[in-house]
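Fold and contact review
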Amino acid sequence: MNTEIKILDTPLDVAGCIDWVMSPDAGGIDVFVGTVRNATKGKPVVRLEFEAYEPMAIKELEKITQQSFAKWPLIRVLVHHRIGILSVGEVPVVIAVSAAHRDAAFDACRYIIDTLKQTVPIWKKEIFEDGEVWVAAHP
Amino acid sequence: MNINILAFGIAKDIFGSPVIELELTNNATVSNIKYLLEQRYPRLKQLSSYMIAVNNEYALPEDTIHHHDEVAVIPPVSGG
């Protein structure tokens, strides 16, 4: 197996994700770690809540990782996304990609996170001191 | 036929429930579902956009719905 996709309701293990994509024929690993930021447009964020339509989210992530293997010579790809309540500094997403050469790993990692944000049915609610907002819901 | 519609994110808040039931004619399309939902829940029209998924795939407006399909409202996604 060269791909691991998981949606988890427990803290993500960044070191474990990197270990999973390691391979003797890899020349490098590229890792994207998303973190919960403490403010949006200057307004302090108390916490985030993530929700997923899990079977469809897994299916969409499988499409993205398959496209990455078709586009670049990759060795292993891992995507872990967390759901539930996350505090500032916690990690909602980890993407790790190994390849023989770094260009493929960098390009694929960026493609996966950018496409995930556009197509995968996962939603984020920002909770402020005075209210809450589903991100991107309204124009 | 009666179809359950799953809702996520802000759609769940608009429906006040993670699942609602909608009565459809046979051969109803995704467009028909959107029309009926917007009649019942006008706040859907205020969203930036929203999609309908059928059996875990994004559906096209002309796709028809069958009795045992899993149908979901997908408001703008914001993962990552």
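Residues numbered from 1 in each chain as written. Chains lettered and ligands numbered in written order. Predicted model: local features only at pLDDT ≥ 70, side-chain atom pairs only at ≥ 80, totals over all residues. Heavy atoms only, no water.

Chain B carries the name Molybdopterin synthase sulfur carrier subunit in an unreviewed UniProt entry, which gives Mucilaginibacter limnophilus as its organism. You can read under Sequence similarities (unreviewed entry) in the UniProt record for chain B the words "Belongs to the MoaD family." (UniProt positions renumbered as here; feature names shortened; annotations may be inferred.)

An unreviewed UniProt entry lists chain A under the name Molybdopterin synthase catalytic subunit, with Mucilaginibacter limnophilus given as the organism. According to UniProt, the comment filed for chain A under the heading Pathway (unreviewed entry) is "Cofactor biosynthesis; molybdopterin biosynthesis."

1. Quick word on the nonpolar core
In this structure, Ile-5, Phe-15, Ile-33, Leu-37 and Ile-52 of chain B are the most contacted members of the largest nonpolar core, which totals 34 residues. At the level of elements, β1 (2–7), α1 (9–15), β2 (19–23), α2 (30–40), β3 (51–54) and β5 (71–74) of chain B are the ones that each hand at least two residues to this core. Counting 30 residues, the second-largest nonpolar core is a separate cluster that includes Leu-61, Ala-99, Ile-112 and Leu-116 of chain A. (Core = buried A, V, L, I, M, F, W, Y, C linked by side-chain atoms within 4.5 Å. Buried < 20%, exposed > 50% of the residue type's maximum accessible area, 1.4 Å probe, protein only. Helix = DSSP H or I, 4+ residues; strand = E, 2+ residues; numbered from the N terminus.)

2. Brief notes about the packing of aromatic side chains
Applying the stated criterion across every chain yields a total of four aromatic pairs over all chains. On the basis of an interplanar angle of 5° and a centroid distance of 5.3 Å, the ring pair of Trp-123 of chain A and Phe-8 of chain B is categorised as stacked. One end of the pair, Trp-123 of chain A, is in strand β8 (residues 122–128); the other, Phe-8 of chain B, is in the loop between β1 and α1, on a second chain. Taken together, the aromatic side chains of Tyr-53 and Trp-123 of chain A together with Phe-8 of chain B make up a single cluster linked through ring pairs. Here the guanidinium or amino end of Lys-43 of chain A rests over the ring plane of Phe-128 of chain A, the centre of that ring lying 4.6 Å away. It is Arg-76 of chain A that lies over the ring of Trp-20 of chain A; its NZ or CZ is 4.5 Å from the centre. (Phe/Tyr/Trp six-rings, centres within 6.5 Å; stacked < 30°, edge-to-face > 60°. Lys NZ or Arg CZ within 6 Å of the ring centre and 35° of its normal.)

3. Some thoughts on the environment of Ala-105 of chain A
Residue and element names in this part refer to chain A. Within the element layout of this structure, Ala-105 appears in helix α3 (residues 102–119). On the basis of relative accessibility, which here comes to 2%, the residue Ala-105 falls in the buried class. Along the backbone, Ala-105 and Ile-29 are 76 residues apart, and their C-alpha atoms lie at a distance of 6.4 Å. Residues within four places of Ala-105 in sequence aside, it is in contact with Asp-30, Leu-74, Val-97 and Ala-99. (Contact = heavy atoms within 4.5 Å.)

4. Some points on unusual backbone geometry
Phi is mostly negative for residues that are not glycine, and the peptide bonds are mostly trans. Phi angles above zero are rare outside glycine, and Ala-136 of chain A is one such case at about 70°. Here Ala-136 of chain A lies in the segment after β9 (131–134). For Ala-136 of chain A, a relative accessible area of 41% translates into the label partly exposed. We note that Asn-27 of chain B has phi near 65°; this positive angle belongs to a residue other than glycine. Checked against the element boundaries, Asn-27 of chain B lands in the loop between β2 and α2.

5. Here's the deal with the interface of chain A and chain B
Opposite the 28 residues of chain A that make contact, chain B presents 24 residues. Carbon and sulfur atoms make up 54% of the surface buried where chain A meets chain B, a total of about 2200 Å² over both sides. When the buried surface of chain A facing chain B is broken down by residue, Tyr-53, Met-56 and Trp-123 of chain A rank first, second and third, together holding 30% of it. Residue Glu-57 of chain B is joined to Lys-63 of chain A by a salt bridge in which the shortest nitrogen-to-oxygen separation is 2.6 Å. (Buried area = accessible area lost by both parts, 1.4 Å probe. Salt bridge = Lys/Arg side-chain N within 4 Å of Asp/Glu carboxyl O.)

6. Some remarks on a nonpolar patch on the surface
Residue and element names in this part refer to chain A. Together, Met-22, Ile-29, Val-31 and Val-33 make up an exposed nonpolar region whose accessible area comes to about 280 Å². Residue placement: Met-22 occurs in the loop between α1 (14–21) and β2 (28–34). By relative accessible area, which is 48% here, Met-22 ends up partly exposed. (Patch = residues over 30% accessible without salt bridge, like charges linked within 9 Å, V, L, I, M, F, W, Y side chains within 5 Å. Areas by Shrake-Rupley, 256 points an atom, 1.4 Å probe, with all protein chains shown as cover.)

7. Some words on the sheet that holds strand β7 (residues 93–99) of chain A
Residue and element names in this part refer to chain A. Overall, mixed pairing links the four strands, which are arranged β1-β5-β7-β2 in an open sheet. Whereas interior strands pair on both sides, the edge strands pair on one side only; in this sheet they are β1 (3–8) and β2. Between one strand and the next, the sheet's axes are offset by a mean angle of 5°, whatever the strand orientation. The pairing of strand β5 (residues 74–82) with β7 spans seven bridges and is classified as antiparallel. Bridge pairing in β7 places Leu-74 opposite Ala-99. (Pairing = 2+ DSSP bridges. Axes fitted to C-alpha atoms, helices over the stretch in contact; angles between N-to-C directions.)

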